[in-house]
Amino acid sequence: QELLLEKQGAVATITFNRPDKANAMDIRWLIPITQFLRDVEHDPAIRCVLIRGNGKHFMAGGDLEIVKAFVSQPPERRAALAEEPIHEYNVLVRVMRRMAKPIVASVQGGIAGAAVGLVAACDLVVAADSAFFFVAHINHAGSNDGLTTYFLPRLIGTRKTLELALLGERFSAAKAQEYGLVNFVAPAAELEAETNKLLARLCAGPTTAYGLIKNLVDSSLGNSLEAQGRLEAESYGKAAMTSDLVE
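**Here's the deal with the overall build of the chain**
Check the secondary structure of the chain and you find ten helices and nine strands. Against the compact-globule benchmark of 18 Å for 247 residues, the chain has a radius of gyration of 18 Å, which places it among compact chains. On the principal axes, the C-alpha backbone points of the chain span a range of 60 × 40 × 35 Å. Looking at the chain as a whole, 46% of its 247 residues are labelled buried. Counting contacts in the chain only where the partners sit at least 6 residues apart, residues at least 24 apart contribute 72% of the total. When the accessible surface of the chain is summed, it comes to about 12700 Å², and 56% of that surface belongs to carbon and sulfur atoms. Considering the chain, the positive charge centre built from 25 side chains and the negative charge centre built from 28 side chains are found 2 Å apart.

**Details of the sheet that holds strand β5 (residues 110-112)**
Strand order in the open sheet made by the three strands is β5-β7-β8, with mixed pairing throughout. Edge strands, defined here as strands with exactly one partner in the open sheet, are β5 and β8 (171-172). Where strand β7 (residues 132-134) lies against β8, two bridges are found, and the strand directions are antiparallel. If you follow Phe-133 over to β8, its bridge partner there is Phe-171. Those strands touched by helix α4 (residues 114-121) are β5 and β7, and its axis lies near 95° from that of β5.

**Topic: unusual backbone geometry**
A positive phi angle, near 55°, is found at Ala-22, a position not held by glycine. Note on placement: Ala-22 falls in the loop between β2 (11-16) and α1 (30-41). A residue is classified by how much of its surface remains accessible, and Ala-22, at 18% relative accessible area, is buried. Phi is positive for Leu-147, close to 60°, though the residue is something other than glycine. Within the element layout of this structure, Leu-147 appears in the loop between β7 and α5 (148-156).

**Digging into the pattern of salt bridges**
Within this structure, the stated rule accounts for 13 salt bridges. Arg-97 serves as the salt-bridge partner of Asp-218, at 3.0 Å between the closest nitrogen and oxygen. Here Arg-97 lies in helix α3 (residues 75-98) and Asp-218 lies in helix α9 (residues 207-220), a separation of 121 residues in the sequence. In this structure, the salt-bridge partner of Arg-230 is Glu-226, at a minimum N-O distance of 3.9 Å. Here Glu-226 and Arg-230 lie together in helix α10 (residues 225-239), a separation of four residues that amounts to about one turn. Each member of the salt-bridge network shares a partner with another, and the members are Arg-97, Asp-123, Lys-214 and Asp-218.

**Quick word on the nonpolar core**
Counting 49 residues, the largest nonpolar core has Phe-16, Phe-58, Met-96 and Phe-133 as the members making the most contacts within it. The element best represented in this core is α4, accounting for six residues. Leu-50, Val-104, Leu-191 and Leu-202 belong to the second largest nonpolar core, which has eleven residues in total.

**Thoughts on the sheet that holds β2**
Spatial strand order, β1-β2-β3-β4-β6-β9: six strands in an open sheet with mixed pairing. Both outer strands of the open sheet, β1 (3-8) and β9 (184-186), are each paired with one neighbouring strand and no more. On average, each strand axis in the sheet is inclined to that of its neighbour by 20°, with strand direction left out of account. Contacting β1, β2 and β3 (48-53), α1 runs over the sheet at an angle of about 10° to β1.

Conventions and cut-offs
- Residues numbered from 1 in each chain as written.
- Predicted model: local features only at pLDDT ≥ 70, side-chain atom pairs only at ≥ 80, totals over all residues.
- Heavy atoms only, no water.
- Helix = DSSP H or I, 4+ residues; strand = E, 2+ residues; numbered from the N terminus.
- Rg over C-alpha atoms; globule rule 2.2 N^0.38 Å.
- Buried < 20%, exposed > 50% of the residue type's maximum accessible area, 1.4 Å probe, protein only.
- Contact = heavy atoms within 4.5 Å.
- Areas by Shrake-Rupley, 256 points an atom, 1.4 Å probe, with all protein chains shown as cover.
- Lys, Arg positive; Asp, Glu negative; His and termini not counted.
- Charge placed at Lys NZ, Arg CZ, Asp CG, Glu CD.
- Pairing = 2+ DSSP bridges.
- Axes fitted to C-alpha atoms, helices over the stretch in contact; angles between N-to-C directions.
- Salt bridge = Lys/Arg side-chain N within 4 Å of Asp/Glu carboxyl O.
- Core = buried A, V, L, I, M, F, W, Y, C linked by side-chain atoms within 4.5 Å.

Pasting the structure below:
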């Protein structure tokens, strides 16, 4: 029951349900979440995905108890144990980004370490005004994971990313919105209601077009102007105009 995966109506929801540990990620969650998203990806009834955490905090990053257990292993085993869950997490995020449906994060309390990367991997983010973030890896002498070093430079720039990663200082939801990490900030008591309004709007919208837009935006940084223009034309002409965009 520490990980809740459910479908209700047009929304698929992933809920971290480990509030006694601030929803610190258990590496055993990674494969079930990926499998769930792959199922959702091909379920025509689902038009939007919600990621949230129960309790006071969204997620306190990875479980440091597991990290401590790695330290007691021989060096050759330690590296393998540390790398494996990160590779599994990276697969999960690739599925998130290729999914042709909007993914919304609704966050409260602390969002730390790899959880910052998870939030950054979502399409839209609603945060409680009392939420706080920190790229915390440096505080336990770790390098970054959670694909923070992929998404943050693209969202907030390399200079600000280095500041947050090297200093490990917490920042508010208002600052996260200013940086471009968060889209909407709501009073904590209204977080669920504001999230539900956004979900309802997305579920009522043109899902196929949303997926095309995700692909176009994700492709743009690696494309030339000519290549991106060609992709826009192909997407609009071959898919969008023959999909639910015009239903």
